[in-house]
Amino acid sequence: MRPPHHALLVALAAAVPGCADGDGAPPPAPVDLPAATPHCRAADPADVEARVDAAIATLSLEDKVSTMAGTGEGGFTYPVRAFPDLGLPGLHMSDGPRGVSPLADVPSTAFPVGILRGATWDPDLEREVGAAIARELRAAGGDVLLAPTMNVLRHPRWGRAQETYGEDPLHVGVLATAFVEGVQSEGVLASAKHFTANSIENTRFEVDVTLDERALREVYLPHFRRVVRQGAVGSVMSAYNAVNGAQISANAPLLNGVLKGEWGFRGLVESDWVFGVRDTVAAANGGLDVEMPQPIFFGDDLVDAVRAGDVPEARIDDAVRRVFRAQLCFGLDADPPVRDVGRFPFDDHADLAREVAARGVVLLRNEGDLVPLDRAAYDDVVVVGAPASAPNLGDTGSSAVEPPYVVSVLEGLQGAVLDRAVVTHLPRPAFPDDGARLAAADAVVLVVGLQADDEGESVLGPGDRPDLALPRGEEALYAQVRARVPAGRLVVLLVGSGPLTTAATTGADALLWIGYPGMEGGRAVAEVLFGDAPPTGRLPFVWPVAGADLPPFDDVSLAVTYDRWHGHRYLDRARTAPRFPFGFGLATTELRLTAATLSDASPPVDGEVTVAAEVENLGDRDGVEVVQVYAEVPGSPHDRPRRALVGFGRVAVAPGQVSTVTIPVRVFDLAVWDTALGGWVVERRRHVLHVGTSAAPADQPLALPLTPR
Ligand code: BGC
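None of the values given here were measured: they were computed from a predicted structure.

Enquirer: Whenever I open this one, the nonpolar core confuses me. Can you help?
Expert: A general feature of soluble globular proteins is that nonpolar side chains tend to end up buried together. By size, the foremost hydrophobic cluster in this structure holds 153 residues, and its most contacted members are Phe195, Phe324, Val611 and Leu689. With 71 residues, the next largest nonpolar core counts Ala161, Val362, Val382 and Tyr478 among its residues.

Structure (structure tokens):
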């Protein structure tokens, strides 16, 4: 159904004088939301609604309210009450974004963290990851996965940076939607979290984020809109923080107005855990459906509030309807999850975890084409740094996973070359004694970076990073190693959720960012280093030269104001060169973007175009390019990002071959939020779609003009 809001906009745009840009361009066109994917997966959604209504009619107010909070009971999952007599099995929630939680007490697969999966730029693979985690969750007895974490990474110091996919709303939205599709294809609800503007850990329970309408619409909402409208996500978790003065669980403009009203979300909104609700009446009336994990505000107080007339009973019925609908739409009545620990570990999921990690690793420097390392040429490899042997999966907060085993980087490298080379590990080399050892090695692999003590969820972990530097004196270690290893022999692997401002970014012979690559990470890294898999990852965030190049990050104040500028858009606006651009990553073969065509140069404002780009492999190794499309609107009267990501696609190219990748671009994604009109408009002027391999204009060799009609 077309929301009245948008009908109004069409009328407004026709009526408002001066809608034209004043430079001859026709007036911009207000645009409606793209069509939504049907929410209910059941064969007969009308029957579901009838069953839900009938069930609600039989319940007392107390019973209805009891479904609006977790039961608070322990066990393997966080349950929401069942009504067996009504054929309603309840819900069974569990974390999380990189695998099934240790609370489920199963040896689950530890996939690479979200930010490394974001670096794959591969929604098809992410769909598989979502489906795999959901299969494991069902085997653990759960039916609601508390994932994906899909907050825009406003600043890389955010303690949970590792959980999300990156800094760009379009990129995050596409990956999160694929993950949700995968999860829900297995009959498990995904829970898009944390809605919204959750991007600081240390003040996460308290902070009030002030956002103007344009910042909200263009930066902090589009990825959630996509996961609701296109991904048909079953549930949304409200964030702890407040936006514009109201905690999200009680934020009527965002929950009732945008999420349920404008976007037509028919699933349930659950609070973040324990501190996610502060006010019974405001949360119930604001649009929160379920308080988790137990009734603090949504218990007797809510019953009393209804009796006192402060919360309409119709609101209670709406919340209960959403909870029951979720169970029936996902078929949990007929096909509930059955706990079966014997199905663990899932061996094929380990293979998937390795493949994802290998695809996500980003090659950032490769002087003299050092990578791939030639196995036959090395007899003596020295691995330096304590993180090399650490089973470093990332945060130990709610996203933690305890897998059956972890292959460390050291074990991965040993496994890759053991038949011929001696691999020595120097966790903390002593100088000058170990200097000669380093100088004599055929290759030195230095592993430095972050671990669970350095960044993670607050309260359960260390919270936000204090800065972007290497911890524990590792910068000095790098300098000492660099000083001893001859040129052409030093590979540096950087571990952690994002950019590290180390001299290794300009001084290592080869440099790779490996995120937290999961339980198969060591094998995946070795595959890339030795050329068994091509490096294909591309940065899902900008890598600044210095922390000061980014906007300020305030994890102390209880009130912060964000504008529309962060990440690569912020640096580009300031014309600050990054160390490595957003979207950047090297290949080990020569890939060239040779041609691009557009399916329609004057598409309708509600249409979609496709960019077909040709990539040639001029080298003699396999390669993969991630072709990226950035939109520019020259002369726009709106203050827009110079070039905004509007589409991307991955393509594998064999040596000597040319491959074509087809990238869909929705014209809606070219729209700008017009504050005066209070709606989205597509400018009917010349746009330019720049086609390239990173956000840096210099990496965008092809341009396709397009004028929406
Ligand atoms: C986290 C959520 C998580 C929940 C349940 C909260 O503290 O913010 O992301 O899903 O706990 O573990």
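Enquirer: Hey, could you run me through the packing of aromatic side chains in this one?
Expert: By convention here, two paired aromatic rings are described through the distance between centres and the angle between planes. Throughout the structure, instances matching the rule amount to 16 aromatic pairs. Summarising the aromatic geometry, the rings of phenylalanine 344 and phenylalanine 346 are spaced 5.1 Å apart at their centres and angled 75° between planes, so their arrangement reads as edge-to-face. The residues phenylalanine 344 and phenylalanine 346 share a single accessibility class, namely buried. Taken together, a centroid distance of 5.1 Å and an interplanar angle of 90° make the contact between tryptophan 513 and phenylalanine 541 edge-to-face. Linking tryptophan 513 in strand β16 (residues 510-515) with phenylalanine 541 in the loop between α18 (521-529) and β17 (559-562), this pair joins segments that are 28 residues apart in sequence. The pair tryptophan 513 / phenylalanine 541 is uniform in exposure class, with both members buried. An aromatic cluster is built from Trp513, Phe541, Trp543, Phe580 and Phe584, whose rings are joined through pairwise contacts.

Enquirer: Can you walk me through helix α8 (residues 222-229) in this structure?
Expert: Along an α-helix, residues three or four positions apart point the same way, because every turn accommodates 3.6 residues. Counting buried positions over the eight residues of α8 gives eight, a clear majority of the element. Residues Pro222, His223, Phe224, Arg225, Arg226, Val227, Val228 and Arg229 constitute the buried set of α8.

Enquirer: Honestly, the packing of helix α5 (residues 123-140) against helix α6 (residues 169-184) in this entry has me stumped. Any pointers?
Expert: Packed helix pairs are characterised by how far apart their axes lie and by the angle those axes make with each other. Contact geometry for α5 and α6: axes closest at 6 Å, N-to-C directions at 40°. Judged by the inter-axis angle, α5 sits oblique to α6. Crossing geometry of α5 relative to α6 is assigned as right-handed. Of α6, the residues touching α5 (which contributes Pro123, Glu126, Arg127, Val129, Gly130, Ala131, Ile133 and Ala134) are Val174, Leu175, Ala178, Phe179, Glu181, Gly182 and Val183. Residue composition of the contact of α5 with α6, grouped by class: ten nonpolar, two polar and three charged.

Enquirer: Just checking my understanding: could you explain the packing of helix α2 (residues 45-57) against helix α12 (residues 313-329) for this structure?
Expert: At a minimum axis distance of 9 Å, the contact between α2 and α12 shows a crossing angle of 130°. With respect to their mutual orientation, α2 and α12 come out oblique. The handedness of the crossing between α2 and α12 is right-handed. In contact with Val48, Glu49, Arg51, Val52, Asp53, Ala55 and Ile56 of α2, α12 contributes Asp317, Val320, Arg321, Phe324, Arg325, Leu328 and Cys329. Class assignment for the residues of the contact of α2 with α12 results in eight nonpolar, no polar and six charged.

Enquirer: Which parts of the structure should I look at to understand the sheet that holds strand β18 (residues 591-598)?
Expert: Within a sheet, adjacent strands bond to each other through the backbone by hydrogen bonds, running parallel or antiparallel. The three strands are arranged β18-β19-β22 in an open sheet whose pairing can be described as antiparallel. Bordering the open sheet on either side are β18 and β22 (658-666), each of which pairs with just one other strand. Looking at each pair of strands side by side, their axes are set apart by 25° on average, direction ignored. Here strand β19 (residues 608-617) runs beside β22; their pairing, made up of nine bridges, is antiparallel. For valine 615, the partnering residue across the bridge sits in β22 and is serine 659.

Enquirer: What is the right way to look at the state of the cysteines in this model?
Expert: A covalent bond bridging the sulfur atoms of two cysteines is what the word disulfide describes. All told, the structure shown has one disulfide when counted by the stated rule. Residue pairing for cysteine 40: its cysteine sulfur links by disulfide to cysteine 329, the two sulfurs lying 2.1 Å apart. Disulfide cysteine 40-cysteine 329: the torsion about the S-S bond is -105°, which places it as left-handed. With a gap of 289 residues between them, cysteine 40 in the loop between β1 (29-30) and α2 and cysteine 329 in helix α12 connect regions that are remote in the sequence. Judged by relative accessible area, cysteine 40 falls into the buried class, the value being 18%. By relative accessible area, which is 2% here, cysteine 329 ends up buried.

Enquirer: Even after reading the chapter, I still don't get unusual backbone geometry, so can you show me in this structure?
Expert: A negative phi holds for most residues other than glycine; trans holds for most peptide bonds. Cis rather than trans, the peptide bond between aspartate 95 and glycine 96 has omega equal to 10°. By the element assignment, glycine 96 lies in the loop between β3 (91-94) and α4 (114-118). In this chain, lysine 193 is followed by histidine 194 through a cis amide linkage whose omega measures 0°. Located in the positive-phi region is alanine 197, a residue other than glycine, with phi close to 60°. By the element assignment, alanine 197 lies in the loop between β5 (189-195) and β6 (208-211).

Enquirer: Looking at this structure, I do not really get the environment of arginine 482. What am I missing?
Expert: Tracing the backbone through its elements, the reader meets arginine 482 in helix α16 (residues 474-484). Expressed as a C-alpha distance, the spacing of arginine 482 and aspartate 509, which sit 27 residues apart in the sequence, is 9.4 Å. Residues within four places of arginine 482 in sequence aside, it is in contact with Ala487, Leu490, Gly507, Ala508 and Asp509.

Enquirer: Where do I start with the pattern of salt bridges in this structure?
Expert: Pairs can form between side chains of opposite charge once their charged atoms are near each other. Tallied over the entire structure, the rule returns 51 salt bridges. Among the salt bridges present, the one from arginine 354 reaches aspartate 351, with a minimum N-O distance of 3.5 Å. Residue arginine 354 and its partner aspartate 351 are both found in helix α13 (residues 347-360); the two are separated by three residues, about one turn of the helix. Using a relative accessible area of 43% as the deciding quantity, one classes aspartate 351 as partly exposed. Ionic pairing is found between arginine 437 and aspartate 380, a salt bridge with its closest N-O pair at 2.9 Å. In this pair, arginine 437 sits in helix α15 (residues 435-440) while aspartate 380 sits in strand β12 (residues 380-384), placing the two residues 57 residues apart along the sequence. The class for aspartate 380 is buried, based on a relative accessible area of 17%. Shared partners join several salt bridges into a network, and the residues in it are Arg160, Glu163, Glu201, Arg204 and Glu457.

Enquirer: So what exactly am I meant to see when it comes to the pairing of strand β15 (residues 490-495) here?
Expert: If a strand is regular, its side chains alternate between the two faces of the sheet. Burial within β15 is extensive, with six of its six residues counted as buried. A two-sided burial pattern is seen for β15, the buried positions comprising Leu490, Val492 and Leu494 on one face and Val491, Leu493 and Val495 on the other. Note: strand β14 (residues 443-449) against β15, six bridges, orientation parallel. By the bridge assignment, valine 447 is partnered in β15 with leucine 493. In this fold, β14 hands off to α16, which returns the chain to β15; that crossover is right-handed. Pairing analysis gives five bridges linking β15 to β16, with the strands arranged parallel. Bridge pairing in β16 links valine 491 to alanine 510.

What counts and how
- Residues numbered from 1 in each chain as written.
- Predicted model: local features only at pLDDT ≥ 70, side-chain atom pairs only at ≥ 80, totals over all residues.
- Heavy atoms only, no water.
- Core = buried A, V, L, I, M, F, W, Y, C linked by side-chain atoms within 4.5 Å.
- Buried < 20%, exposed > 50% of the residue type's maximum accessible area, 1.4 Å probe, protein only.
- Phe/Tyr/Trp six-rings, centres within 6.5 Å; stacked < 30°, edge-to-face > 60°.
- Helix = DSSP H or I, 4+ residues; strand = E, 2+ residues; numbered from the N terminus.
- Axes fitted to C-alpha atoms, helices over the stretch in contact; angles between N-to-C directions.
- Parallel < 35°, antiparallel > 145°, perpendicular 65-115°, else oblique.
- Left-handed = near helix turned anticlockwise from the far one by under 90°.
- Contact = heavy atoms within 4.5 Å.
- Nonpolar A, V, L, I, M, F, W, Y, C, P; charged D, E, K, R; others polar.
- Pairing = 2+ DSSP bridges.
- Disulfide = S-S within 2.5 Å.
- Salt bridge = Lys/Arg side-chain N within 4 Å of Asp/Glu carboxyl O.
- Right-handed = clockwise from strand over helix to strand, strands pointing away.

Functional significance is not addressed by these values, which are geometric in nature.
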